[in-house]
Amino acid sequence: MKKWLMMMLAAALMIGVLAGCGARSQQSGGSTEGSSSEGQATDEKIIIKFSHVVAENTPKGQAAQMFKELAEEYTNGKVEVQVFPNSQLYTDEDVLAAVQQNNVQLAAPSTSVVTKLYPQWTLFDLPFIFKDEANVQAAMESPEIGGKLFTMLEEQNLLGLAMWDNGFKQTHSNKAVRMPEDFKGQKLRVMSSKVLEAQFHAVGANPTPMAFGEVYSALEQGVIDGGENTLSNVYSQKMHEVQKYLTMSNHGYLGYAVITNADFWNGLPEDVRASLEKALNETTTWVRENSARVNNEQLELIKQAGTTEIIELTEEEKQAWVDAMTTIYADFEGEIGKDLIDAAKALW
Ligand code: LMR
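Counting restarts for each chain, with residues numbered from 1 along the sequence as it is written. Totals for whole chains, interfaces and linings use every residue, but because this is a predicted model, local features are given only for residues with pLDDT of at least 70 and side-chain atom pairs only at 80 or more, for both listing and counting. With hydrogens and water stripped out, all remaining heavy atoms of the structure feed into the side-chain values.

(A) Region of the structure containing the overall build of the protein. Helix and strand content of the protein: 14 helices and 10 strands. For the protein, with 348 residues in total, the buried portion stands at 55%. For the protein, contacts bridging at least 24 residues in sequence account for 75% of all contacts bridging at least 6. When the accessible area of the protein is evaluated, it comes to approximately 14000 Å², of which 49% is carbon and sulfur surface. Secondary structure elements are taken from DSSP: a helix is a run of H or I of four residues or more, a strand is a run of E of two residues or more, and numbering for both begins at the N terminus. Each residue gets one of three labels from its accessible area relative to the maximum for its type: buried under 20%, exposed over 50%, partly exposed in between, using a 1.4 Å probe on protein chains only. Contacts are residue-level and defined by heavy atoms, with any inter-residue pair within 4.5 Å sufficient. In these tables, accessible area is a Shrake-Rupley quantity obtained with a 1.4 Å probe, and a residue counts as shielded only by the protein chains included in the view.

(B) Molecular detail of the packing of helix H5 (residues 133-141) against helix H6 (residues 143-153). Working convention: axes come from line fits to C-alpha atoms, limited for helices to the stretch in contact. Angles between N-to-C directions cover 0 to 180 degrees. At their nearest, the axes of H5 and H6 sit 4 Å apart, and the two run at 60° to each other. Comparing their axes, H6 and H5 come out oblique. The residues of H6 that touch H5, namely those facing Ala139, Met140 and Glu141, are Pro143, Ile145, Gly146, Gly147 and Phe150. Residue polarity is assigned by list, with Asp, Glu, Lys and Arg as charged and Ala, Val, Leu, Ile, Met, Phe, Trp, Tyr, Cys and Pro as nonpolar; anything else, Gly included, falls into the polar class. Here the contact of H5 with H6 is built from residues that sort into 5 nonpolar, 2 polar and 1 charged. An angle below 35 degrees is treated as roughly parallel, one above 145 as roughly antiparallel, one from 65 to 115 as roughly perpendicular, and anything else as oblique.

(C) Quick peek at helix H2 (residues 59-74). In this model H2 runs 22 Å from its N-terminal to its C-terminal C-alpha over 16 residues, within 8% of the 22 Å that 1.5 Å per residue would give. Within the span of H2, buried status applies to Pro59, Lys60, Gly61, Ala63, Ala64, Phe67, Lys68, Leu70 and Ala71. The span expected for a helix works out to 1.5 Å for each residue beyond the first.

(D) Structural view of empty space enclosed by the protein. Only protein atoms enter the calculation, which uses a 1 Å grid: trapped sets of points that fit a 1.4 Å probe without letting it out are cavities, open sets showing protein on both sides within 12 Å along at least five of seven lines are pockets, and any residue with an atom within 4 Å of a point is a lining residue. Grid points are joined across faces, edges and corners, and a volume is the space filled by probe spheres set on the points. Scanning all chains against the criterion turns up 4 cavities of 30 Å³ or more. By volume, the largest cavity is sized at about 90 Å³. Along the walls of the largest cavity sit Val53, Val54, Lys60, Asp92, Ser110, Arg189, Met191, Phe212, Asn229, Asn233, Leu254 and Tyr256, which together make up its complete lining. When the residues that make up the lining of the largest cavity are grouped by side-chain class, the tally is 6 nonpolar, 3 polar and 3 charged.

(E) Examining the packing of H6 against helix H14 (residues 338-345) more closely. Direction vectors running N to C along H6 and H14 enclose 135°, while the axes themselves pass 9 Å from each other. Classified by the angle between their axes, H6 and H14 sit oblique to one another. Taking contact as the criterion, the partners of Glu144, Ile145, Lys148 and Leu149 in H6 are, on H14, Asp339, Leu340, Ala343 and Ala344. Split into classes, the residues belonging to the contact of H6 with H14 amount to 5 nonpolar, no polar and 3 charged.

(F) Representation of unusual backbone geometry within the structure. A positive phi angle, close to 50°, is found at Asn76, a residue other than glycine. Mapped onto the elements, Asn76 comes out in the loop between H2 and strand S3 (79-84). The class for Asn76 is exposed, based on a relative accessible area of 69%. The phi torsion at Asn250 lies on the positive side, around 45°, for a residue other than glycine.

(G) Fine view of the layout of surface pockets. Space inside the largest pocket adds up to approximately 320 Å³. Taken together, 20 residues form the lining of the largest pocket, with Lys131, Glu133, Phe168, Gln170 and Asn250 sitting closest to its centre. For the lining of the largest pocket, the secondary structure elements donating two or more residues are strand S5 (158-173), strand S9 (245-261), helix H11 (270-305) and helix H12 (315-325). For the lining of the largest pocket, the element with the most residues is H11, which contributes 5 residues. Broken down by class, the residue content of the lining of the largest pocket amounts to 9 nonpolar, 7 polar and 4 charged.

(H) Just the pairing of strand S6 (residues 187-190), in detail. DSSP calls a pair of strands paired once it identifies at least 2 bridges connecting them. For S6 and strand S7 (residues 206-209), the ladder comprises 4 bridges, and the chain directions are parallel. Paired with Lys187 across the bridge in S7 is Asn206.

(I) Spotlight on the confidence of the model for the protein. pLDDT is a residue-level measure of predictor confidence that goes from 0 to 100. Scored by pLDDT, the protein comes out at a mean of 91, with 88% of its residues at no less than 70. Here residues 10-29 is modelled with pLDDT under 50, and outside its nearest four sequence neighbours on either side it reaches 33 contacts, counting other chains as well. Of the regions scoring below 50 in pLDDT, residues 34-41 engages in 11 contacts with residues more than four places distant in sequence or in other chains.

Okay, here's the thing in structure tokens:
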């Protein structure tokens, strides 16, 4: 685990110890079953609800299931993790409030979702800010970027536990998009993020913020022309079945902040929290090592379906995207912070 993250978790542990685990008695969502005597380890089962919006066969869906299995094993059944995929419990619009209210104890929203609380997090939405997955991971591990962004969450009784990868976003549409001018007038779905809107405005498209769970039917009904997403999100939502073109643009990154309620986490018995951290670390390693594989395998499945033409960009075409989209950086230096943008650029 990264040094700054270990320090944060150690500090959180100390707070928990000093609080004598008293916060457990305040847990509503992280509910316990059976009788308890406050501050002592008991046989009660601790229920952790984990809400997310994607399908189970995506990197995040598989990671959530893996975390459940490891957490239950390492805590010898003291913890039961209930995973709710496909926006069954909460959408990205309301999940952070649900974590703050301890109605769910774990969520892994895309970093774009966190921008509602802290615009600095839109750093991750900037087009072409990261070279590759290793570059993103270096950013998350750096105290100047990951450390700073995760520390902010604590003001809101949230605790960032890990960063999970999905991958780079591609562009799907009913029109072939090769050059920036091909975007003109296209109505494209984006996650709720000012940077993502600006990115598409910069190439003449009409960005339309929309919840993830609504995208497929909006595409099917022609309410929108296309959007941007990772291959696993495109495949698992069957977007390729209702889109004629998929441009391998790799223009932006989509990853997740694994977030819990700070009072809940700090109030867990020490041994339980240590076991959950072990489960989470192993899951995080798995996602890092496997998210690209899952996305690549699902690209093959998209190709096999034969419903979508895959467009590969030439170096010149790609450069035209970079030139058009990175013009927005200057407009976001204030909100994101020039220091954060420069720190990310310095990782190239
Ligand atoms: C999206 O809304 O497109 C993504 O945030 C969904 C996800 O969680 O990967």
